[in-house]
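Reading the structure
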Amino acid sequence: MARRSGRAIHLKSPAEIQAMARCGDIIAGLFDEMEPLVRPGVATASLDRFVDDFVRSHKGAVPAFKGLYGFPGSACISINEEVVHGLPSKRTLRDGDIVSIDVGVRRKGWCADSAYTFAVGEIEPEAADLAAVTYASLVAAVAAARPGGHVGDIGAAVVETVGESGYRIIRDLVGHGVGRDIHEEPQVSNIGRAGYGVPLRPGMVLAIEPMLAVGTDEIRTLDDKWTVTTLDGTLSAHYEHTVAITDEGPRILTGGGIWDRTGATEGKRYQLSLKAML
């Protein structure tokens, strides 16, 4: 979920980062279990119920998005031209759709946030390529999140990776800090200039979430007051990890399972690998 915050940056201790990693493990396990459920004919409300049940099955964990700013669901489920904040409903998935599922988990006072774009059945080559480039930009952005760098390095890595693909980076939505709250400072733009912006320090935890579109980078919010779509109705993809800045470099707190398999496919295609780059 991409929203703007307005508070100071809070550095986390190793123990606090580990507490956030437990939240991240829940989300990674959720996406792994959800993969076979994302299929034609399944209602997004059904997927939302699965998210709610899965998260709450872990002692002390609750869906962080439920009720956040009044959001009614436990997950943001955004299909095709929907960029973020899609509302769960009776609408069913169709063969060829791509669907971004964005989930936050709160446990024992700490949060983690992650999003993954799933293919529904057989998707068109353009949709597969869009998802692959978006994922590759996440890999590069995570690798750029190193102590001694700057927040601008993250967005610069996205820009460089997208390069001449022809896809557009959504400018008006940003990543964010994560911690006690799901949305904290600093904002993490996907359009950045290397060497500029807030310095990256050990203890910072960021939700890095590139969002790309086939057509325009302009967006609009639907009448439901939540769902954000591309202005021209073209496809969009969205991936997100919660990442801790440590003395050793970036630590992904929401990885594992389906993410490892994705890294062996789309990432390899772009000569990018989370394990190789970190």
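Residues numbered from 1 in each chain as written. Predicted model: local features only at pLDDT ≥ 70, side-chain atom pairs only at ≥ 80, totals over all residues. Heavy atoms only, no water.

Topic: the pairing of strand E4 (residues 98-107)
Among the ten residues of E4, nine are classified as buried, and the element is accordingly described as predominantly covered. Both strand E1 (residues 61-63) and E4 contribute to a ladder of three bridges, which runs antiparallel. Its bridge partner being in E4, Ala-61 is matched across the sheet by Arg-107. Pairing geometry for E4 and strand E5 (residues 110-119), over ten bridges, is antiparallel. The residue of E5 that forms the bridge with Ser-100 is Thr-117. Following E4, the chain reverses through two residues before pairing antiparallel with E5; Lys-108 in that reversal takes a positive phi of roughly 50°. (Buried < 20%, exposed > 50% of the residue type's maximum accessible area, 1.4 Å probe, protein only. Helix = DSSP H or I, 4+ residues; strand = E, 2+ residues; numbered from the N terminus. Pairing = 2+ DSSP bridges.)

Concerning the nonpolar core
Counting 54 residues, the largest nonpolar core has Phe-31, Val-38, Val-99, Ile-101, Val-103 and Ile-208 as its most contacted members. The next biggest cluster of nonpolar side chains, apart from the first, holds 19 residues, and it includes Met-20, Trp-110, Ile-182 and Val-205. (Core = buried A, V, L, I, M, F, W, Y, C linked by side-chain atoms within 4.5 Å.)

Examining helix H4 (residues 151-162)
Between its terminal C-alpha atoms H4 stretches 18 Å, which fits the 16 Å expected from twelve residues at 1.5 Å a residue. If you check which residues of H4 are buried, you get Val-151, Gly-152, Asp-153, Ile-154, Gly-155, Ala-156, Ala-157, Val-158 and Val-162. Those residues of H4 that are buried are in contact with helix H3 (125-143), strand E6 (168-169), strand E8 (184-188), strand E9 (205-208) and strand E10 (211-213). Of the residues trailing H4, Gly-163 is marked for its positive phi of about 45°. (Expected span 1.5 Å × (residues − 1). Contact = heavy atoms within 4.5 Å.)

Comments concerning the state of the cysteines
Considering all chains together, one arrives at zero disulfides under this definition. Residue Cys-23 stays outside any disulfide, its sulfur separated by 6.5 Å from that of Cys-111, the closest cysteine. For Cys-23, a relative accessible area of 0% corresponds to the buried category. The thiol of Cys-76 is unpaired, and the distance to the nearest cysteine sulfur, on Cys-111, comes to 14 Å. You can call Cys-76 buried: its relative accessible area is 1%. (Disulfide = S-S within 2.5 Å.)

Comments concerning the sheet that holds strand E7 (residues 175-177)
A sheet is described by the order of its strands in space; here five strands give the open sequence E8-E7-E9-E14-E15, paired in antiparallel fashion. Two strands lie at the open edges of the sheet, namely E8 and strand E15 (249-252), each paired on one side alone. Taken over all neighbouring pairs, the strand axes of this sheet differ in orientation by 30° on average, direction set aside. Examined bridge by bridge, E9 and strand E14 (residues 241-246) share four bridges and lie antiparallel to one another. Its bridge partner lying in E14, Ile-208 is registered against His-241. Each of E9, E14 and E15 touches helix H1 (residues 14-34); the most contacted strand, E15, lies at about 40° to it. Sitting on the sheet, H4 is in contact with E8 and E9, with an inclination near 40° to E8. (Axes fitted to C-alpha atoms, helices over the stretch in contact; angles between N-to-C directions.)

Considerations on a nonpolar patch on the surface
A cluster of nonpolar side chains, contributed by Ile-9, Leu-11 and Val-198, occupies part of the molecular surface with about 200 Å² of accessible area. You can call Ile-9 partly exposed: its relative accessible area is 35%. (Patch = residues over 30% accessible without salt bridge, like charges linked within 9 Å, V, L, I, M, F, W, Y side chains within 5 Å. Areas by Shrake-Rupley, 256 points an atom, 1.4 Å probe, with all protein chains shown as cover. Salt bridge = Lys/Arg side-chain N within 4 Å of Asp/Glu carboxyl O.)

A look at the pattern of salt bridges
Any two side chains of opposite charge can pair if their charged atoms end up close together. Applying the stated criterion to the full structure yields seven salt bridges. Its salt-bridge partner being Arg-261, residue Asp-32 comes within 2.8 Å of it at the nearest N-O pair. Remark: Arg-261 occurs in helix H5 (residues 258-263) and Asp-32 occurs in helix H1; sequence separation between them is 229 residues. For Arg-261, a relative accessible area of 40% translates into the label partly exposed. For the salt bridge of Arg-171 with Asp-217, the shortest nitrogen-to-oxygen distance reads 3.1 Å. Of this pair, Arg-171 sits in the loop between E6 and E7 while Asp-217 sits in the loop between E10 and strand E11 (219-221); the two residues are 46 residues apart in sequence, bridging distant segments of the chain. With a relative accessible area of 49%, Arg-171 lands in the partly exposed category. Each of Asp-32, Glu-35 and Arg-261 takes part in salt bridges that share partners, so that together they form one network.

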